[in-house]
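Chains, contacts and geometry: an overview
Below, each chain spelled out in residue letters.
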Amino acid sequence: MNPFQKTTEQSSNYDSLEHMPLHELLANINNEDKTVPLAVEKALPQIEALVSQIVSRMRIGGRLFYIGAGTSGRLGIVDASECPPTFGVAFDLVNGIIAGGDKAIRRAVENAEDDAKQAWIDLQAANISGNDTVIGIAASGTTPYVIGGLEKCNENNILTGAITCNAGSPLALTAKFPIEVVVGPEFVTGSSRMKAGTAQKLVLNMISTTTMIQLGRVKGNKMVDMQLSNDKLVDRGVRMIMGEIPVSYEEASEMLIKHGSVRKAVESFDRNKFEL
């Protein structure tokens, strides 16, 4: 078996970037980005296996946690923070934790990712339990903060998953359900916020979206439980109602205001009134 190698750290397929014309820079970055969905496709069986586990635990009250450092941690926070407004779930159902705490969302915290003990402390502060799932996110697959957190979860019988962009990494070997999306060298050597970050974002989208669909948070293809937090979403909600039942825009708007969600508005509708 070959020793572990970080393909994300290997030299770029391109050189002399500073001398490359702008149109060529953009075209080459785009060409590299095109390879990411194909790498994700190869990991679909791994993604499916993890999502199945997450759903079964959420159905009995479990929560989902993402832990990561740097770009990986920020991506986890983005995905977690978008679940409540999109699917109308509680704010603590999907959680993103970043090495260095919330201040690390905007600015790097020196050496935070090297502390192998801190992730477990952070998870305990969130009252982690046996029904929960913890997914470690690290493009390199070697981040001590993430690996240490998953090791403690394993010791405490908490389900662990991982998203990494190197095959056979220490992180993948630690997680019970690893997802390995091997994207290869970055356009700028070692800049894993690029292809690796895109791959992680795509996988996170898949995990949270399919989980919420499986939990009944989507009807047809609509976000019927979305939070009505701005005028755009209110208008979208009104039109969703109109697409489900025979009412005018004004009637749908009144129903949405009264019931507070698309789902409740549609469920309140008495179809008998419109039967001929």
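We now turn to the structure provided with this report. These numbers come from a predicted model, not from an experiment.

Criteria and thresholds
Residues numbered from 1 in each chain as written. Predicted model: local features only at pLDDT ≥ 70, side-chain atom pairs only at ≥ 80, totals over all residues. Heavy atoms only, no water. Helix = DSSP H or I, 4+ residues; strand = E, 2+ residues; numbered from the N terminus. Contact = heavy atoms within 4.5 Å. Areas by Shrake-Rupley, 256 points an atom, 1.4 Å probe, with all protein chains shown as cover. Phe/Tyr/Trp six-rings, centres within 6.5 Å; stacked < 30°, edge-to-face > 60°. Buried < 20%, exposed > 50% of the residue type's maximum accessible area, 1.4 Å probe, protein only. Salt bridge = Lys/Arg side-chain N within 4 Å of Asp/Glu carboxyl O. Axes fitted to C-alpha atoms, helices over the stretch in contact; angles between N-to-C directions. Parallel < 35°, antiparallel > 145°, perpendicular 65-115°, else oblique. Left-handed = near helix turned anticlockwise from the far one by under 90°. Nonpolar A, V, L, I, M, F, W, Y, C, P; charged D, E, K, R; others polar. Pairing = 2+ DSSP bridges. Core = buried A, V, L, I, M, F, W, Y, C linked by side-chain atoms within 4.5 Å.

In terms of regular secondary structure, the protein chain is built from 11 helices and 5 strands. Counting only C-alpha atoms, the protein chain reaches 70 × 50 × 35 Å along its principal axes. Summarising the internal contacts of the protein chain: among those between residues at least 6 apart in sequence, 69% fall at separations of at least 24. Accessible surface, the protein chain as shown: approximately 14,400 Å² in total, 51% of it carbon and sulfur.

The next subject is the packing of aromatic side chains. In total, this model carries 1 aromatic pair according to the counting rule given. With a centroid separation of 5.0 Å and an interplanar angle of 55 degrees, the aromatic rings of tyrosine 14 and phenylalanine 187 are classed as tilted. Of this pair, tyrosine 14 sits in the segment before helix 1 (22–33) while phenylalanine 187 sits in the loop between strand 5 (177–180) and helix 8 (195–214), and the two are 173 residues apart along the sequence.

Attention now goes to the environment of asparagine 127. On the secondary structure map, asparagine 127 appears in the loop between helix 5 (118–125) and strand 3 (133–137). What makes asparagine 127 exposed here is its relative accessible area of 59%. For the pair asparagine 127 and aspartate 92, spaced 35 residues apart in sequence, the C-alpha to C-alpha distance is 11 Å. Apart from the residues within four sequence positions on either side, asparagine 127 is in contact with Arg63 and Asp132.

Residue placement: serine 140 occurs in the loop between strand 3 and helix 6 (144–155). When near neighbours in sequence (up to four residues on either side) are disregarded, serine 140 contacts Phe4, Lys6, Thr164, Asn166 and Ser169.

The subject of this paragraph is the environment of methionine 20. With respect to the helices, strands and loops of the structure, methionine 20 is situated in the segment before helix 1. For methionine 20, a relative accessible area of 13% translates into the label buried. Setting aside chain neighbours within four positions, we find methionine 20 in contact with Tyr14, Asp15, Leu25, Asn28 and Phe187.

This brings us to the pattern of salt bridges. Throughout the structure, instances matching the rule amount to 7 salt bridges. Among the salt bridges present, the one from glutamate 32 reaches lysine 195, with a minimum N-O distance of 2.8 Å. Taken together, the positions of glutamate 32 in helix 1 and lysine 195 in helix 8 put the pair 163 residues apart, joining distant regions of the chain. As far as burial versus exposure is concerned, glutamate 32 and lysine 195 are alike and both buried. Three or more residues joined by partner-sharing salt bridges are found here, namely Arg217, Asp225 and Arg263.

Turning next to the packing of helix 3 (residues 44–58) against helix 8. Taken N-terminus to C-terminus, the directions of helix 3 and helix 8 make an angle of 40 degrees; their axes are 9 Å apart at the nearest point. When the interaxial angle is binned, helix 3 and helix 8 end up oblique. Once helix 3 is placed against helix 8, the crossing between them reads as right-handed. On helix 8, the residues touching Leu44, Ile47, Leu50, Val51, Ile54, Val55 and Met58 of helix 3 are Val203, Met206, Ile207, Thr210, Thr211 and Gln214. Class assignment of the residues belonging to the contact of helix 3 with helix 8 gives a composition of 10 nonpolar, 3 polar and no charged.

What follows concerns the sheet that holds strand 5. In any sheet, the strands associate via hydrogen bonds between backbone groups, in a parallel or an antiparallel arrangement. Read from one edge to the other, the open sheet built from 5 strands follows the order 2-1-3-4-5, with strand pairing classed as parallel. Two strands in the sheet have a free side with no partner beyond their single neighbour: strand 2 (94–98) and strand 5. Neighbour-to-neighbour, the strand axes of the sheet open up by a mean angle of 20 degrees, direction not taken into account. The pairing of strand 1 (residues 64–68) with strand 3 spans 5 bridges and is classified as parallel. From the neighbouring strand, leucine 64 faces strand 3, where its bridge partner is threonine 133.

This part is about the nonpolar core. Judged by nonpolar contacts, the single largest core of 33 residues is most densely connected at Tyr66, Val94, Ile135, Ile179, Val181 and Ile207. Of all elements in the fold, only helix 2 (36–42), helix 3, strand 1, helix 4 (70–87), strand 3 and helix 8 reach the threshold of two or more residues within this core. Leave out the neighbours within four places in its chain, and valine 94 touches Met58, Leu64, Tyr66, Ala80, Cys83 and Met212. Grouped together as the second largest cluster of nonpolar side chains are 21 residues, Ala99, Leu150, Cys153 and Ala162 included.

Glancing now at unusual backbone geometry. You will see that serine 16, though not glycine, has its phi angle at about 55 degrees, which is positive. Phi is positive for asparagine 157, which is not a glycine, with a value near 55 degrees. Classification of asparagine 157 as exposed rests on a relative accessible area of 67%.

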